[in-house]
Amino acid sequence: MSVPRNEYPRPQFVRNEWLNLNGQWDFSFDDENKGLTEKWYVNFPSGKKINVPFAYQTKLSGLNDPSFHDVVWYRRGLEIPENWAGKQIILHFGAVDYRAWVYVNGELATFHEGGNVSFSTNITHLLKEGEQEITVRVEDPSQDVTIPRGKQYWHEKSESIFYTRTTGIWQTVWVEPIETTSLTSIRWTPDIDRGDIELEFDVEGKMSDNLSLQVDISFNGQNIVSDLVGIRETYNKRSFNLRNRFTDRSNIHGPGWYWSPEHPNLFDVKLTLKSGEAVLDEIESYFGMRKVSIENGIFMLNNMPYYQKLVLDQGYFPEGLLTAPTDEDLKNDIVLAKEMGFNGARKHQKVEDPRFLYWADKLGYLVWGEMANASEYSEEAARRLATEWFEVVKRDYSHPSIIVWLPLNESWGISRVAFDKQQQAHATSMYWQTKSIDQTRPVLSNDGWEHTISDICGIHNYRTPEEMEKAYASVESAISTTPANRVIYADGFSYRGEPILITEYGGIAYKADDAEGWGYSAVKSADDLVNEYRKVTEVLFNSPVIQGFCYTQLTDVEQEINGLLTYDRKPKCELSKIKEINERK
């Protein structure tokens, strides 16, 4: 059996030597929560098998069990390659939902809370002679509505806008060897006005006088930068001017080297950490030179006004739920969206696999990075969201495709934010927390309505074309609308001149296969779907105040049939007809 999802999972921080741990693991439900008492991390119970990285609720896991099991366990053996002897061994998890305790050879290696982001642990001190044993205990409390889980439902049977739960390991697990002194993180910040790229990097291990980093940057096969950077601290920052290093300067200020959906130019990088002449670590990476800004209320990409034509993408798959069956499936969603003339997506209530972001970078596709929200507010919910969101922004900061951060959506988890000062403080704090770690992107406090402070006024409105035309005839009418009976700005906050985008609309339901489900408005044929899409979208194009949109949605998901594609990605109409409408502007 081939190893599923066998591509390297961390595309901007690639090491050549690694071992994929996806595939068959031993697995057990622990409905009585007795695994700790019985020390399953030492004596694992015989029984089920699971195909990692697919959650037990999925068909691809081999179990396909949609029922709730709040505690589950995993186990597998691991042979460390002989040529890794003397190296530090790092164990990585792409994502485990929601709490994970990781044991190696019966000893606790690490604990992680948060189902949306990656984590790692050094397991060198726990290794033994011969085969190693890795055991993972996972808690995913089904009834806790203060956990940030997005569209995962807190009832067993999915309904309305909520879908089947994802529990446990749902992204790639892998190990890799490193030297005692190595690179632990890198961060790229482009400055197209100066022509600079800023590299920040962290080094872990012993600092010495002869420690250095060789930085080699190339573009279209041409070497642009080859510099040796001396290292004295664990945290380091260095800027490299790119503009003055090009030998061909014929298109130096334009699309020839900037990143955009129309011209997804990427620079390739090789980083070599050295002690004298000895190589300690080698990393392959990439970055894009692009700028997102708001000038006088206009959204700008690379210093030019840019109209966003986004599609809502929930990132669910029939056989894998939140986990794409293959890397090609992630790529294909972007290809299909671009075929329809969309230039990006809002990833709705899902922190996406970094491999999706890689394809967005590579193919040229804008992404709004959104956090999976909790359903109810509490101080603990606020802590959970803030802690995990910090990890999200840190992990995905360097992707040029991400142009907006969206920590909260439609007052989820802050249902009283319109008037409740504590929830307003939480929404505003999420805005400022994001700004405190990323000054390069716009941030929304709460997309859809009931904004506190946001750089973009995102409005969700599923009303008829006639109603939409009236609502968006002017700024005044736009910000005074009450879609879903919600005000656009929370009490005490007001419009400050930010760009106005319709970040959810449409939702035209067309049953193109055997799917049964619901939508915001229904049509009976492919032609009707195209005509309704034209009507509602042209209203937005004609509006003098709207600077972009996000259509609901790319695909059907379970009982929701609002997609332009079916759940298994079959087009419901001629994609070229949607593209013709989208390319009007």
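Preceding block: the structure.
Notes on the structure in this doc start here. (Residues numbered from 1 in each chain as written. Predicted model: local features only at pLDDT ≥ 70, side-chain atom pairs only at ≥ 80, totals over all residues. Heavy atoms only, no water.)

Attention now goes to the pattern of salt bridges. Summed over the entire model, instances satisfying the criterion amount to 42 salt bridges. The partner of R384 in a salt bridge is D144, and the shortest N-O contact between them spans 3.2 Å. Taken together, the residues span a long stretch of sequence, with R384 in helix α3 (residues 379-396) and D144 in the loop between β10 (132-139) and β11 (168-169) at a distance of 240 residues. With relative accessibility at 7%, the residue R384 sits in the buried group. Among the charged side chains, a salt-bridge network with shared partners connects R99, E113, R137, E139, D144, E380, R383 and R384. (Salt bridge = Lys/Arg side-chain N within 4 Å of Asp/Glu carboxyl O. Helix = DSSP H or I, 4+ residues; strand = E, 2+ residues; numbered from the N terminus. Buried < 20%, exposed > 50% of the residue type's maximum accessible area, 1.4 Å probe, protein only.)

Further remarks concern the sheet that holds strand β19 (residues 278-287). Strand pairing in a sheet is mediated by backbone hydrogen bonds. Such pairs are either parallel or antiparallel. In spatial order, the strands read β16-β15-β18-β19; together these 4 strands make up an open sheet with antiparallel pairing. The sheet is open, and its two borders are formed by β16 (222-230) and β19, each paired with just one other strand. For this sheet, the mean angle separating the axes of adjacent strands, direction not counted, is 15°. Of the pairings in the sheet, the one linking strand β18 (residues 267-275) to β19 comprises 9 bridges and is antiparallel in character. Each bridged residue has a counterpart across the sheet, and for D268 the counterpart in β19 is Y286. (Pairing = 2+ DSSP bridges. Axes fitted to C-alpha atoms, helices over the stretch in contact; angles between N-to-C directions.)

Moving on to helix α4 (residues 421-437). With 17 residues, α4 should reach 24 Å at 1.5 Å per residue; the first-to-last C-alpha distance of 24 Å fits that figure. Among the residues of α4, Q423, Q424, H426, A427, T428, M430, Y431, Q433, T434, K435 and I437 are the ones counted as buried. Close packing links the buried residues of α4 with β13 (182-191), α3 and β26 (402-406). Measuring from the side-chain oxygen of the N-cap residue of α4 to the backbone nitrogen of Q422 gives 3.0 Å; that N-cap residue is D420. (Expected span 1.5 Å × (residues − 1). Contact = heavy atoms within 4.5 Å. Polar contact = N/O pair within 3.5 Å; in protein donor to acceptor, adjacent residues only side chain to side chain.)

This part takes up the side chain of H92. Mapping H92 onto the fold places it in strand β5 (residues 88-93). With near-sequence residues (within four places) excluded, H92 lies in contact with R10, F119, S120, T172, V173, W174 and E176.

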